[in-house]
Amino acid sequence: MSVLTSPRGKVEVVRCRRTESQDIYCIKNLIRKFTQRLFGRLNIIYLLEKANLAITLHNEKEEIMAQATFLDYPNWNVAKEDNWVSLFRELDSDIPCSPLNTLFMHLFVTVDEFSVGCCKEIIRTVFKAVPELHFIFLIVPAYMSLGSTLITVFEHVGSVPCLKDSEDFSVYVCHRHNHYPQLYIRKARVEDNDDLMPVFMRYDTSILKETYGEYFLAELIEAQDEENHAVVCEVEGLAVGFMSVCSRVNLELLHACFDLGPFHGLCFPHPDDVLEPPPQELNVQGSPDAKVKSSSQSSQKVVEEPQAPVASEATESTQEKITGKASFEEPVPAVQSGSIETEDVEKYNHIPPALDRHVSSGTSASISLSEEHSHFRPIYKGASAAFCIQLFCIDERYEARSLDFMNFVFSLFPDKNFCIISVPHLTPEFVLIQNFVKMVPFPNSTLNQELYVFHRAGLLKSIDIRLATLSDTPGVKNLVSTLMLKTSILEDLAQYNSSRRDPDGTLLQAFVAEVAEQIVGIAVIRNEMDIEYIRSHYNIEDFIYFGHHQREEHGHLHHFVLNPIFRHYTKFFLKEILRLGYKSCLYYPVYPKFMEGKFQNPYAHSLTSALHYLVPVRPRRQIVYPLEKLGINAPSKAVSKEPTSYALNHTNRKLTLEPKITVNAKIVVVGASSVGISFLETLVFCSHLKFDNLILISTNGLPGKNLLGAEQRKFLATDHCFNDKDYALMSLCSWVSVVVGRMTGIDRAAKHIVLSKGEIVLYDHLILCTGQQYQVPCPIGADINQHPTNREVQNSSKQRYTGKVPCNHFTLNEEEDCYRALAWIRKKSITTEGNVIVYGNTIDTYTTVETLLNIGVRGSCIFLVQCPPDSTVTCMNNYSVENAVEDALRVAGVTVYRDAILAQWNDGLNPDPIHSASFTTPTKPFRLQCSIFFSFYEKSVDYETFKALNDACLVYDGRLVIDTSFHTNDIAIRAAGSLTKFSNRYYANEWTHSNFNSKEIGFQLAAAMLNLFDPSLEPVTEPPADLDRLIPMYKGAKIHGGILPGSYHYLHVAKPAIPSPLAVLMAQPNFGLEIVTGNARNGTYFRIHINKYNLVETITCLSKEPFPASNYIRLFGQHEQLLNNLCARYNDNLIPDLYSYFTESWCMALFHDRFIDLRKELHQILASKEEEELPSIEQLAYQIENGEISLMEKPRTYLKRVFQETIYKPLMEKSILNYLQYNHNHLPMYAWPGII
């Protein structure tokens, strides 16, 4: 925030921000004829789309005062985009411009009254936002003067000719040192204490005072010796920042807690170093059923292939190659450009090779915690090569220049190569450590600190990005020598050097990063040949205006390797790839694990340490098209094809200079339920936030392993929140550390949870989403030889079973459970012999029976035993569906018992394995022989989870008690899903999260958490006291479905509600209309319930043929008139079959993922006013409803006439046509004016 004063004395308080698309109209209004002569005729939308940096200045009323746009190449045609450096260096030898430190102004507009002040404020903001920037060039026609505004910040340096004609252009430059100079760094003196204390007092210094005493700053300054130094940064003779450094480092603690392999343990090489495990420990792999991301996976979260252990020779050479020592006898003057001089560069005659595996993430190498405990860790015997930053503080006005300290502090320790700093998890990532490499803690580390490392060579500013040449091959080989996919990288490099194209003609480009004549990075890109598919299947238009990017400007990132020492130059590397490759966008796919298999397959890209700097792109929900029925009106194959699903990551020119906010807080999610997955998905896809410590604790790791992919039937019903394809499209394993285990304890004071094998996982925020599971039923112990009935026995089935679980007893809660059961069935030949008992009365019992029939188990060997219901509401709540399923069970030969209570296994003898099961009924008991027993008895909270919650003194009342914002009685612990219930103070015990859509619950949980981390969100205001007693009512549909006996495909979609029998609901006077076509027994049943507001409230489908469930789910909540006047057509007997009706071409737009955006836009049009003094259509409707207007005609007729006679109709028609035209790739079956 700054205050500007005009020459006439008018004062404005202004702020700078990134330019947004809604600014375009105001920017155009600020363009004058002089602006066009100075910068040329510009397409503002196109310019902003390709700009590296665009800054808007606005006042407190959000009125735009000025705007400037900057790119990384000249604005007029004076040099090619990829070859301007030499031209501008020839203008003035005192201006060492480079792509790293230079930008070009392509546009500047401002209001006249504050023009000079606005210009200086924007320039200062640009230099502050881009610390590496030192020069801003402006090129204008030679006959033009800069005017009275720009001349105040730019100075003339020469002229350059145009490439195409004889016109000359004048070149002007703006220097950093005139606006936001480098800081002067020197040793601290005692008298600096008075200047620095006001800076420290802006922060909480209580811990400092407890550690160092009341006069900690003066004492630190006075205590300087060879091992301890204190330095300050000075502005105009005033100390504005302080840093205390020390050469004593507890390396033993760091080696125990962090993977320091990339930097040789922060030690100098020693002959006795143990860098490789013994031969018997070399092969340490994780079980596919019990995985946790390896220690190299939790920091940068970059998806890469697992790499071979680094050879000792390569690791030793890391330190041996850094032979030079950088010494800076004098601080760098503030007026210098920041580039290290030639003699300093020569001191770094060798750079270590890329050991990037330790600071990047992989998706294929996973090990369990117990295995990690025994995993080999190197032993370093050499002397310490690191010093640490003990204390750092700087005035926020100069924080962007924090890195200026580093040159000076390294000169204080000429024998050290590393600078380290540790900060608590909850400390926001400040500017200084954004240039450091964050080290990865070991999974069993209990140190509540983050460790950051900076290498001396990282001070070099002479990094050069260029196209690769044949002579770079040896350097690239050395760089990638430790990487698993080195062969693929080198093959692509050879292909580029030989022909510049792939054998199929696809353009191939290879770029290298060079420092001190040594290759430190390589990237390989190809033209993105599948851009139509990407546009139609991913929301890339959240980041770009697709129409302003040419097809050849989309690039596909295949390889990206950068030495971790220079990782802070990753964004610069990406920016140069875009500039030199004439690209505007880059895409990087991450394929699911089950597609990878071997490393050298068509889907396996190399590692990319750049993923940390890319943004994940949300996948788009796809329409399931009736292709045969649409014929020539079907979408193109590029849209409708179904290739291997992958998660997409992206960057573009606009993002190269846009920072992410790093959140280091440890957010631990317990339970991989739909709620937990939705919560993680929401956080991961926050493109401007980067969560570095997301941890999922689950008994079977992440779902989506596609274990039953080859099976047509699934054992369990689905809630349609996520499927295997959704998990592949998210690739949560790229961003989330997964710990395989079961929570057995919570230490709220120490803020850690304990797992079943004794491991400890620290947390700052704990999210409990374990849900409820089917439990092993407890037999009541009744002797059926006494012929008891249900009334005569004590029902103890809700008691916890404490005995040994029989080996042939299965409770199916997750896909892994189903996979193990299927493997056991096939191993024991259950399909050919033996009886199967399925016990329970949930929908999962029916889907399991259908799966057993489908894999070959004879119906006569399957016994469906249903326990007494707890409610009058059945699991399907539809007599037609239930009767059809019962008939199918009868035809298949499945025996069904109702109201049966489990009495004994094996007549009370040893139940392992189960040979027989006895049950009581309301009439007479029975005994069944048993080879395998499936239990789907009532779901409840797992006992170990309950005990952990109870022992932690979390309020538990049948379920874990929460408030309306998901909090338990511990502010650091939140919970959601079926594990929870609302506090009794809300008087809403009938409503729990179980009544709502799990995906929506997870989203709302994440939205509540984001207020803690996202500074761009408005602060949450406390609700009024009376509203605080109301529970939130979520609107998403509650869905379940599956394949039922008889091969019936089943789907039920309904609004969240307290369960009631269907007959009771239909008897209500305001029930609405029921539309039913087909017959359940024939497998053509389709039922839609239209409520009293004419909205679709319930959908039930039962079909012998597969149907597009995702399409039908989109019908929920739609008005019946949107469904082509569904009610009127049904009443006129024009709809014999709803399945066929919803395959007609008119309804495809209803299933489109952006149809909801169209509805919102149309609603905004109706809510807007044609003229200020006239009411809108929406206001007219309210006035009629409230009786404020007396009409001579029907209200509907009146509103329709007003709509047609005013501007609303053409506005809505235009909006609809624009929607159809913009989404033509998905909706080619619609026509619009001009298409013929």
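Bear in mind the structure is a predicted one, so any value in this text is a computation, not a measurement.

Parameters at a glance
- Residues numbered from 1 in each chain as written.
- Predicted model: local features only at pLDDT ≥ 70, side-chain atom pairs only at ≥ 80, totals over all residues.
- Heavy atoms only, no water.
- Phe/Tyr/Trp six-rings, centres within 6.5 Å; stacked < 30°, edge-to-face > 60°.
- Helix = DSSP H or I, 4+ residues; strand = E, 2+ residues; numbered from the N terminus.
- Buried < 20%, exposed > 50% of the residue type's maximum accessible area, 1.4 Å probe, protein only.
- Lys NZ or Arg CZ within 6 Å of the ring centre and 35° of its normal.
- Patch = residues over 30% accessible without salt bridge, like charges linked within 9 Å, V, L, I, M, F, W, Y side chains within 5 Å.
- Areas by Shrake-Rupley, 256 points an atom, 1.4 Å probe, with all protein chains shown as cover.
- Salt bridge = Lys/Arg side-chain N within 4 Å of Asp/Glu carboxyl O.
- Lys, Arg positive; Asp, Glu negative; His and termini not counted.
- Charge placed at Lys NZ, Arg CZ, Asp CG, Glu CD.
- Core = buried A, V, L, I, M, F, W, Y, C linked by side-chain atoms within 4.5 Å.
- Contact = heavy atoms within 4.5 Å.
- Axes fitted to C-alpha atoms, helices over the stretch in contact; angles between N-to-C directions.
- Parallel < 35°, antiparallel > 145°, perpendicular 65-115°, else oblique.
- Left-handed = near helix turned anticlockwise from the far one by under 90°.
- Polar contact = N/O pair within 3.5 Å; in protein donor to acceptor, adjacent residues only side chain to side chain.
- pLDDT = per-residue confidence, 0-100.
- Pairing = 2+ DSSP bridges.
- Nonpolar A, V, L, I, M, F, W, Y, C, P; charged D, E, K, R; others polar.
- Disulfide = S-S within 2.5 Å.

Chemist: An account of the packing of aromatic side chains is needed here, citing residue identities and associated values.
Modeler: The full count for this structure, using the stated rule, is 45 aromatic pairs. Seen in terms of ring centroids, Trp84 and Phe104 are 4.9 Å apart; in terms of plane orientation they differ by 85°. Their pairing is edge-to-face. Highlighted residues: Trp84 in the loop between strand E4 (64–71) and helix H4 (85–91) and Phe104 in strand E5 (residues 102–110), separated in sequence by 20 residues. Both residues of the pair, Trp84 and Phe104, count as buried. Ring centres of Phe104 and Phe137 lie 5.7 Å apart, and the angle between their planes is 25°; on these two criteria the pair is classed as stacked. Note that Phe104 is positioned in strand E5 and Phe137 in strand E6 (residues 135–141), a separation of 33 residues in sequence. What makes Phe137 buried here is its relative accessible area of 0%. Above the plane of the ring of Tyr774 lies Lys939, whose end atom (NZ or CZ) is 4.9 Å from the centre.

Chemist: Would you mind going over a negative patch on the surface in detail, with residue names and values included?
Modeler: Together, Glu1170, Glu1171, Glu1172 and Glu1173 line one region of the surface with negative charge. Tracing the sequence through the fold places Glu1171 in the loop between helix H32 (1155–1167) and helix H33 (1177–1185). Its relative accessible area of 37% is what places Glu1171 among the partly exposed residues.

Chemist: Now, about the nonpolar core: what can you tell me, with residues and values included?
Modeler: Within the largest apolar cluster, 121 residues are counted, with the highest numbers of intra-cluster contacts made by Leu266, Phe679, Ile746, Ile753 and Leu768. Beyond its immediate sequence surroundings of up to four residues, Ile753 is in contact with Val668, Val670, Ile697, Met743, Gly745, Ile746, Glu759, Ile760, Val761, Tyr763 and Leu766.

Chemist: Account for the packing of H32 against helix H35 (residues 1208–1222), naming residues and giving values.
Modeler: Closest axis-to-axis distance for the H32/H35 pair is 10 Å, and the angle between their directions is 165°. As judged from the angle between their axes, H32 and H35 are roughly antiparallel. Viewed along their axes, H32 and H35 form a crossing whose handedness is right-handed. Taking contact as the criterion, the partners of Phe1155, Leu1158, Glu1161, Leu1162, Ile1165 and Leu1166 in H32 are, on H35, Tyr1208, Leu1211, Met1212, Ser1215, Ile1216 and Tyr1219.

Chemist: Describe in detail the environment of Ser384, supporting the description with residues and values.
Modeler: Among the structural elements, Ser384 can be located in the loop between helix H13 (369–373) and strand E13 (386–394). Residue classification places Ser384 among the buried residues on the basis of a relative accessible area of 19%. Sequence separation of Ser384 and Gly265 is 119 residues, and the distance between their C-alpha atoms is 8.7 Å. In this structure, Ser384 is in contact with Leu251, Leu266, Phe268 and Lys416, ignoring residues within four places of it in sequence. At 3.3 Å, the side chain of Ser384 and the backbone nitrogen of Ala386 are in polar contact.

Chemist: So what about the confidence of the model for the chain? Which residues, and what values?
Modeler: For the chain, the mean per-residue pLDDT works out to 85, and 89% of the residues sit at or above 70. The model gives residues 355–374 a pLDDT under 50, and that stretch makes 94 contacts with residues more than four places away or in other chains. Under a pLDDT of 50 for its full length, residues 596–603 has, in the predicted model, 19 contacts with residues more than four places off or in other chains.

Chemist: Quick one: what's the story with the sheet that holds strand E49 (residues 1073–1077), residue by residue and with numbers?
Modeler: Hydrogen bonds between backbone atoms are what pair the strands of a sheet, whose relative direction is either parallel or antiparallel. Overall, antiparallel pairing links the 5 strands, which are arranged E47-E48-E51-E50-E49 in an open sheet. Pairing within the sheet leaves two strands with one partner each, and these edge strands are strand E47 (1038–1044) and E49. Between one strand axis and the next, the sheet turns through 10° on average, direction left out of account. Pairing of strand E48 (residues 1048–1054) with strand E51 (residues 1096–1103) involves 6 bridges; the strand directions are antiparallel. Counterpart to Val1053 in the pairing with E51 is Ile1099. Across the sheet, helix H24 (residues 843–854) touches E47 and E48, and the angle it forms with E47 is around 30°.

Chemist: Please set out the packing of H33 against helix H34 (residues 1195–1205) residue by residue, giving values where relevant.
Modeler: When two helices pack together, their arrangement is given by the angle between their axes and by how far apart the axes lie. Where H33 contacts H34, the two axes come as close as 11 Å, and the packing angle between them is 160°. By the angle between their directions, the pair H33 and H34 is classed as roughly antiparallel. Regarding H33 and H34, the two cross each other, and that crossing is right-handed. From H33, Ile1177, Leu1180, Ala1181 and Ile1184 reach across to H34, where they touch Pro1195, Tyr1198, Leu1199, Val1202 and Phe1203. Taken together, the residues that form the contact of H33 with H34 break down as 9 nonpolar, no polar and no charged.

Chemist: Give me unusual backbone geometry: which residues, what numbers.
Modeler: The omega torsion across Asp912 and Pro913 is -5°, close enough to zero to call that bond cis. Residue position: Pro913 is located in the loop between strand E39 (901–905) and strand E40 (916–920). One non-glycine residue with positive phi stands out, namely Arg500, at about 65°. Among the structural elements, Arg500 can be located in the loop between helix H16 (486–499) and strand E19 (508–515). Although it is not a glycine, Cys953 sits at a positive phi angle of roughly 60°. By the secondary structure assignment, Cys953 is in the loop between helix H26 (943–951) and strand E44 (960–962). Here Cys953 falls in the exposed class, since its relative accessible area comes to 56%.

Chemist: Talk me through the pattern of salt bridges; I want residue IDs and the actual numbers.
Modeler: On inspection of all chains with the given rule, the structure shows 45 salt bridges. Two residues, Lys1055 and Glu1097, come together in a salt bridge whose shortest N-O distance is 3.7 Å. With Lys1055 in the loop between E48 and helix H28 (1062–1066) and Glu1097 in strand E51, the pair connects residues that are 42 residues apart, well separated along the chain. On the basis of relative accessible area, Lys1055 is assigned to the partly exposed category, the value being 41%. The network of salt bridges with common partners includes Asp72, Glu81, Lys575 and Arg653.

Chemist: Give a description of the state of the cysteines that names residues and reports values.
Modeler: Across all of its chains, the model carries 0 disulfides by this definition. The thiol of Cys119 is unpaired, and the distance to the nearest cysteine sulfur, on Cys174, comes to 7.7 Å.

Chemist: How would you explain the side chain of Asp273 if you had to name every residue and give the values?
Modeler: Checked against the element boundaries, Asp273 lands in the loop between strand E12 (258–259) and helix H11 (312–320). Comment: no salt bridge for buried Asp273; closest opposite-charge side chain is Lys381, at 7.6 Å. Within the local environment of Asp273, its side chain forms a polar contact with the side chain of His264, the two groups lying 2.9 Å apart. Ignoring any residue separated from it by four or fewer positions in sequence, one finds Asp273 in contact with His264, Phe268, Ile379, Tyr380, Lys381 and Gly382.

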